[in-house]
Amino acid sequence: MADPIVPDDAVAAIPSRRRFFAAGAGAVAALAGASSLAGQSVGLRGKPLPTPVGSTVDPSADWKDPVLRLVRRITMGLEPAEVALARQLGYYGYLEYQLNASAIDDSAVDSYIATNLPMLSQTTAQLKAAATAANDNGAESVSQLRDATLYRAVFSRRQLKERMVEFWSDHFNIATSKSTYYKVADDRDVIRPYVLGKFPDMVRASATSAAMLLYLDQNTSRTPTPNQNYAREIMELHTLGVDGGYTQDDVAQLSRILTGWSFDTNGAFTFVTGSHDRTAKLFMGTTYAAMAATATAAQQRSEGDAAITQLVNHANTARYIATKMARWLLAYEPPAAVIDATAAAYLATGGDIKAMIRTILTPKNLMAAPAKLKRPFHFATSFMRATATEVYAARPPRQAMDQMSQMTFNWEQPDGYPDRVDWWSGLITQRWSYAQNFANANSTTTVRVNTLTRFRAPVDTAEGVVNQINLRLFGGEAPTGLKAALLAYLKAGTYSDARVRETLALAASSNQFQWY
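An account of the accompanying structure is given in this report. Along each chain, numbering runs from 1 in the same order as the chain's sequence is written. For a predicted model such as this one, the threshold for reporting local features is a pLDDT of at least 70, and the threshold for listing and counting side-chain atom pairs is 80 or more; totals across whole chains, interfaces and linings nevertheless cover every residue. Water and hydrogen atoms play no part in the side-chain values, which are based on all heavy atoms of the structure.

What follows concerns the overall build of the protein. When you go through the protein residue by residue, the secondary structure sums to 28 helices and six strands. Only protein chains enter the accessibility calculation, which uses a 1.4 Å probe. A residue is then buried if its area is under 20% of the maximum for its type, exposed if over 50%, and partly exposed in between. Counting every position in the protein, which comprises 516 residues, the buried fraction comes to 55%. The contact criterion used is simple: two residues touch if any of their non-hydrogen atoms lie within 4.5 Å. Looking at the protein alone, contacts between residues at least 24 apart form 73% of all its contacts between residues at least 6 apart. When the accessible area of the protein is evaluated, it comes to approximately 19500 Å², of which 54% is carbon and sulfur surface. We count a stretch as a helix when DSSP gives it H or I for four or more residues in a row; a strand needs E for two or more, and each element gets its number in order from the N terminus. Shrake-Rupley sampling with a 1.4 Å probe provides the accessible areas, and residues are treated as covered by the protein chains on show and by no other component.

In a soluble, globular protein the nonpolar side chains are often hidden away together inside. Remark: nonpolar core denotes a set of buried residues (Ala, Val, Leu, Ile, Met, Phe, Trp, Tyr, Cys) joined through side-chain atoms within 4.5 Å. Core analysis: the largest hydrophobic core is formed by 84 residues, its most contacted members being Met164, Trp168, Met235, Leu254, Met325, Ile357 and Leu361. Counting residues per element, this core draws most heavily on helix H17 (residues 315-329), at eight residues. For Ile357, the contacting residues outside a window of four places in its chain are Leu95, Leu99, Leu160, Met164, Leu196, Met325 and Leu329. Counting residues in each nonpolar core, the second largest holds 47 residues, with Ala394, Met404, Leu482 and Phe513 among its members.

This part covers helix H18 (residues 336-349). Under the 1.5 Å per step criterion, the end-to-end length of H18 is 20 Å for 14 residues, consistent within 8% with the ideal 20 Å. Inspection of H18 places Val338, Ile339, Thr342, Ala343, Ala345 and Tyr346 among the buried residues, and these make up the whole buried set. Taken around the axis of H18, the buried residues stretch over an arc of 155°, which confines them to a single face. Away from its buried face, by an angle of more than 90 degrees, H18 presents the exposed residues Ala337 and Ala348. Taken together, the buried residues of H18 touch helix H12 (199-207), helix H16 (297-312), H17, helix H19 (353-360) and helix H20 (363-368). Multiplying 1.5 Å by the helix residue count minus one yields the expected span of that helix. In this description, one arc is meant: the one made by directions from the helix axis to the C-beta atoms.

For helices, the axis comes from a line fit to the C-alpha atoms of the stretch in contact; other axes are also lines fit to C-alpha atoms, and the angle between any two N-to-C directions lies between 0 and 180 degrees. Between helix H24 (residues 428-439) and helix H28 (residues 497-509), the least distance of the axes is 8 Å, while the angle of their chain directions is 150°. Put simply, H24 runs roughly antiparallel to H28. When you trace H24 past H28, the crossing you get is right-handed. Judged by residue contacts, Trp432, Ala435, Gln436 and Ala439 of H24 engage Arg501, Leu504, Ala505, Ala508 and Ser509 from H28. An angle below 35 degrees is treated as roughly parallel, one above 145 as roughly antiparallel, one from 65 to 115 as roughly perpendicular, and anything else as oblique. Should the near helix be turned counterclockwise from the far one by less than a right angle, the crossing is left-handed, whereas a clockwise turn marks it as right-handed.

This brings us to the packing of aromatic side chains. Geometry of an aromatic ring pair is reported as the spacing of the ring centres plus the angle between the planes. Two rings from Phe, Tyr or Trp (for Trp, the six-membered ring) form a pair when their centres are within 6.5 Å of each other. A pair whose planes differ by under 30 degrees is stacked, one over 60 is edge-to-face, and the rest are tilted. Taken as a whole and assessed by the stated rule, the structure comprises 22 aromatic pairs. Seen from their ring centres, Tyr112 and Tyr151 are 3.8 Å apart, and the 5° between their planes marks the pair as stacked. Linking Tyr112 in helix H6 (residues 107-116) with Tyr151 in helix H8 (residues 139-155), this pair joins segments that are 39 residues apart in sequence. Of the two residues, Tyr112 and Tyr151, both sit in the buried class. Between Tyr434 and Phe438 the ring centres are 5.3 Å apart and the planes differ by 20°, which places this aromatic pair in the stacked class.

Once that is clear, we can look at the packing of H6 against H8. Viewed as axis vectors pointing N to C, H6 and H8 meet at an angle of 160°, and their least axial separation amounts to 10 Å. Between H6 and H8, the interaxial angle falls into the category roughly antiparallel. Regarding H6 and H8, the two cross each other, and that crossing is right-handed. Together, Val109, Tyr112 and Ile113 of H6 and Ala148, Tyr151, Arg152 and Phe155 of H8 make up the contact between the two elements. Residues were grouped as follows: Ala, Val, Leu, Ile, Met, Phe, Trp, Tyr, Cys and Pro as nonpolar; Asp, Glu, Lys and Arg as charged; and all remaining residues, including Gly, as polar. Of the residues belonging to the contact of H6 with H8, the class tally is six nonpolar, no polar and one charged.

Here we come to the pattern of salt bridges. Two side chains that carry opposite charge are able to pair once their charged atoms sit near each other. Whenever Lys or Arg places a side-chain nitrogen within 4 Å of a carboxyl oxygen from Asp or Glu, that contact is recorded as a salt bridge. In this structure the tally under the stated criterion is 28 salt bridges. Residues Arg192 and Glu162 are paired through a salt bridge, measuring 3.0 Å at the closest nitrogen-oxygen approach. Of this pair, Arg192 sits in the loop between helix H11 (182-191) and H12 while Glu162 sits in helix H9 (residues 159-171), and the two are 30 residues apart along the sequence. No difference in accessibility class separates Arg192 from Glu162, as the two residues are buried.

In this section: unusual backbone geometry. The omega angle of the peptide bond from Thr223 to Pro224 is 10°, so this bond is cis rather than trans. For Pro224, the position within the fold is in the loop between helix H13 (210-215) and helix H14 (229-238). In this structure, Asp217 is a non-glycine residue whose phi angle is positive, near 65°. Within the secondary structure, Asp217 is located in the loop between H13 and H14. For Ala388, which is not glycine, the phi dihedral falls at a positive 50°.

Right, let's get into the environment of Val195. Take Val195: it is sitting in the loop between H11 and H12. Take Val195: its relative accessible area is 2%, and that puts it in the buried class. With near-sequence residues (within four places) excluded, Val195 lies in contact with Lys161, Met164, Val165, Trp168, Met202 and Ile353.

What follows covers H8. Counted at 1.5 Å a residue, the expected span for H8 with its 17 residues is 24 Å, and the 24 Å between its end C-alpha atoms agrees. By the criterion of burial, H8 is predominantly enclosed, with 14 of the 17 residues buried.

Structure (structure tokens):
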């Protein structure tokens, strides 16, 4: 787990590894002649690490190109071919291209996953049988899900979809420690089909997901003592927000309305009439009349459907989702005008996610937004994309990424991994170690960073390598000081592939690469 959150007035007392993100280009300038610097941090294999010096500098001050800013925000990291495509299509053309994800050919990624990670396409009954046969409680199916999540994030051409899969997976968070193989089906059937569709459809799909019902104990909720976990979280975290205008009595009433929502032994949603509370309820100002003992299962379930419709159509839900999406795509503290416009788009379109994204990501909004900090998953995938990593087996790089404290689908609380700079800025040494190890990956059976073809070509000189680092990691927008520092370090020793890899690791460890 991340280091504790520290108040702003205590920054001066934070150990230097956590002040790394406050460093600008000057943080890397110390790398010139680094081997002779006293007291410099040293990472794995004895390679030098950036010395945290300098003042807080927002790296986005060097990001002048609106198209590049858009690529940074709606992909898992800059990649030359993606940048070229975005520039060819233009700002709005590229945004629409990514919004229309189903039209993008992703067959290469689909083929890899079908061949190497076959459990992702299995039914819940098959996953359950496999878990029983292996006596692993679904561990292998969850591992395949994690492998596929990283592989798709790096190689999928549907990059905005992958960004939103990450977002909605946190929004409808389900920890695999409890849900096990049911989460494999949830990712496939609940999250991925709706990430660029309509928000109410995703809420309804989640409300009937075995993984969600199990995770929040809804499958055990029955009259006369209903479990309130899911009723509380669907309001606090999924729709209205913690300040969304509901009361504890509304939680209690909704838990009664949802009694009977469960799933069968194969993970299919089922409504258990014997568990349902048929007496009258009053939920958020709406009366649900008592039902006769002869009421059908469909009639009894219908009041749960009606209550969910109340939630997804509520103005507070529109504002809560608008705020959260704007924070994800634009800024930690998005302008009120952007939130207002996005909430209006939600209400006008019935929660259309594409319409909300278009409202948030205008060139004007994006050019005015400060940089955001890459979470560990984003940092790892952006490095792999920038280096055009050759992945022959997804598990080794995924397990290496897991060491940075953001193992996918492993957040135990229902609120999902935090999207906050203060939460993630205390994990610098983990990033340094990851960058150094990954830059040296050179296996033709697991993972390979091919520096010869990606960084030492077309010009195999120190200057040529730094130019490629600038293009691949920074989209050509690396500040002058950083480029000079990297070049000086590369020239300070014997020019070799090992020295190139060290320089690549240092570039990925720089302040500028931590942000998007």
